[in-house]
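Structural description and commentary
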Amino acid sequence: MKPELVVEVSRADFVLVTLFLGGGAAWLTGRSIASTWRPYRQAVLYALLLGCVVRFFHFALFEGTLLSLHYFLTDTAFLVALATLGFRAERARQMTTRYGWMFRQSGFFGWHEGNAGPRSGEP
């Protein structure tokens, strides 16, 4: 894959704006949506809005193209992925913390049904 398909102006611009600023905001957005028990589709909607903000930052700070569908979709796909991961991580934590009698955590992003005996460290 050519870097030009993902990076418009420079790699540093992409890392700063899309990965750190936009990605961090998307992760926290996904977590906050899940922590208030709102549906996943709201996380996707907010990630789309964050994609608009990230595109504007590329335009305003680094002279990127404002109305570029290609780069908007590239940035937004990354933001939706991070919002999804934040949502799933928080929801897994919620389900196992609040319904520990019913669910056990299965990895960082999932949970499974059933009481598999006492948790580690419990008698």
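Up top is the structure these notes are about.
How each quantity is defined
Counting starts from 1 at the beginning of each chain's written sequence and moves along it residue by residue. Local features in this predicted model are restricted to residues of pLDDT 70 or higher, and side-chain atom pairs are both shown and tallied only at a pLDDT of 80 or more, whereas totals for entire chains, interfaces and linings draw on every residue. Based on all heavy atoms of the structure, the side-chain values leave hydrogens and waters out of the count. The numbering of helices and of strands both runs from the N terminus, where a helix is a DSSP run of H or I of at least 4 residues and a strand a run of E of at least 2. Only protein chains enter the accessibility calculation, which uses a 1.4 Å probe; a residue whose area is less than 20% of its type maximum is buried, one above 50% is exposed, and one in between is partly exposed. Contacts are residue-level and defined by heavy atoms, with any inter-residue pair within 4.5 Å sufficient. Here, nonpolar core refers to any group of buried Ala, Val, Leu, Ile, Met, Phe, Trp, Tyr and Cys residues whose side-chain atoms link them within 4.5 Å. An expected span of 1.5 Å times one less than the residue number is assigned to each helix. Note that bend, as reported per residue, equals the angle between axes fitted to the 7 residues terminating at that residue and the 7 residues originating from it. Salt bridges are identified by distance alone: a Lys or Arg side-chain nitrogen within 4 Å of an Asp or Glu carboxyl oxygen. Within 6.5 Å between ring centres, the rings of Phe, Tyr and Trp (the latter by its six-membered ring) count as paired, and their orientation is classed by plane angle as stacked under 30 degrees, edge-to-face over 60, tilted in between. By definition, no residue in a patch forms a salt bridge, and every one has over 30% relative accessible area; like charges are joined within 9 Å, nonpolar side chains (Val, Leu, Ile, Met, Phe, Trp, Tyr) within 5 Å. Computed by Shrake-Rupley with a 1.4 Å probe, the accessible areas treat only the displayed protein chains as cover when residues are assessed.

**What about the overall build of the protein?**
Counting its secondary structure elements, the protein contains three helices and two strands. Taken from the N to the C terminus, the helices and strands of the protein come in the order α-α-α-β-β. Scored against the burial criterion, the 123 residues of the protein give a buried share of 33%. When contacts within the protein are restricted to residue pairs at least 6 apart in sequence, long-range pairs at least 24 apart make up 58% of them.

**So, the nonpolar core**
Counting eight residues, the largest nonpolar core is built from Val17, Ala26, Ala47, Leu50, Val54, Leu79, Leu82 and Ala83. Contact partners of Ala83, with chain neighbours within four places excluded, come to Ala26, Gly30, Ala43 and Ala47.

**A short note on helix 1 (residues 11-35)**
Over its 25 residues, helix 1 extends 33 Å from the first C-alpha to the last, a length consistent with the 36 Å expected when each residue adds 1.5 Å. Of all the bends in helix 1, the largest measures some 35° and sits at Gly23. For helix 1, every residue scored as buried is listed here: Asp13, Phe14, Val17, Thr18, Gly22, Gly23, Ala26, Thr29, Gly30, Ile33 and Ala34.

**Observations regarding the pattern of salt bridges**
Close approach of charged atoms allows side chains with opposite charge to pair. Enumeration according to the criterion identifies three salt bridges in this entry. When the shortest N-O distance is used, the salt bridge between Arg31 and Glu90 registers 3.4 Å. Of this pair, Arg31 sits in helix 1 while Glu90 sits in helix 3 (residues 69-98); the two residues are 59 residues apart in sequence, bridging distant segments of the chain. Among the salt bridges present, the one from Glu90 reaches Arg93, with a minimum N-O distance of 2.6 Å. Taken together, the positions of Glu90 and Arg93, both in helix 3 and three residues apart, correspond to about one turn of that helix.

**Comments concerning the packing of aromatic side chains**
Taken as a whole and judged by the stated rule, the model has three aromatic pairs. Consider the rings of Phe56 and Phe59, whose centres lie 6.4 Å apart with planes at 50°: the pair is tilted. With a gap of three residues between them, Phe56 and Phe59 both fall in helix 2 (residues 40-62), about one helical turn apart. Residue classification places Phe59 among the partly exposed positions, given a relative accessible area of 37%. These aromatic residues form a ring-pair network of at least three members: Phe56, Phe57 and Phe59.

**Quick look at a nonpolar patch on the surface**
Taken together, the side chains of Val15, Leu16, Phe20, Leu21, Val53, Phe56, Phe57, Phe59, Leu61, Leu66 and Leu67 present a nonpolar region at the surface, about 1000 Å² in accessible area. The element best represented in the nonpolar patch is helix 2, accounting for five residues. With respect to the helices and strands, Leu61 occurs in helix 2. Judged by relative accessible area, Leu61 falls into the exposed class, the value being 56%.

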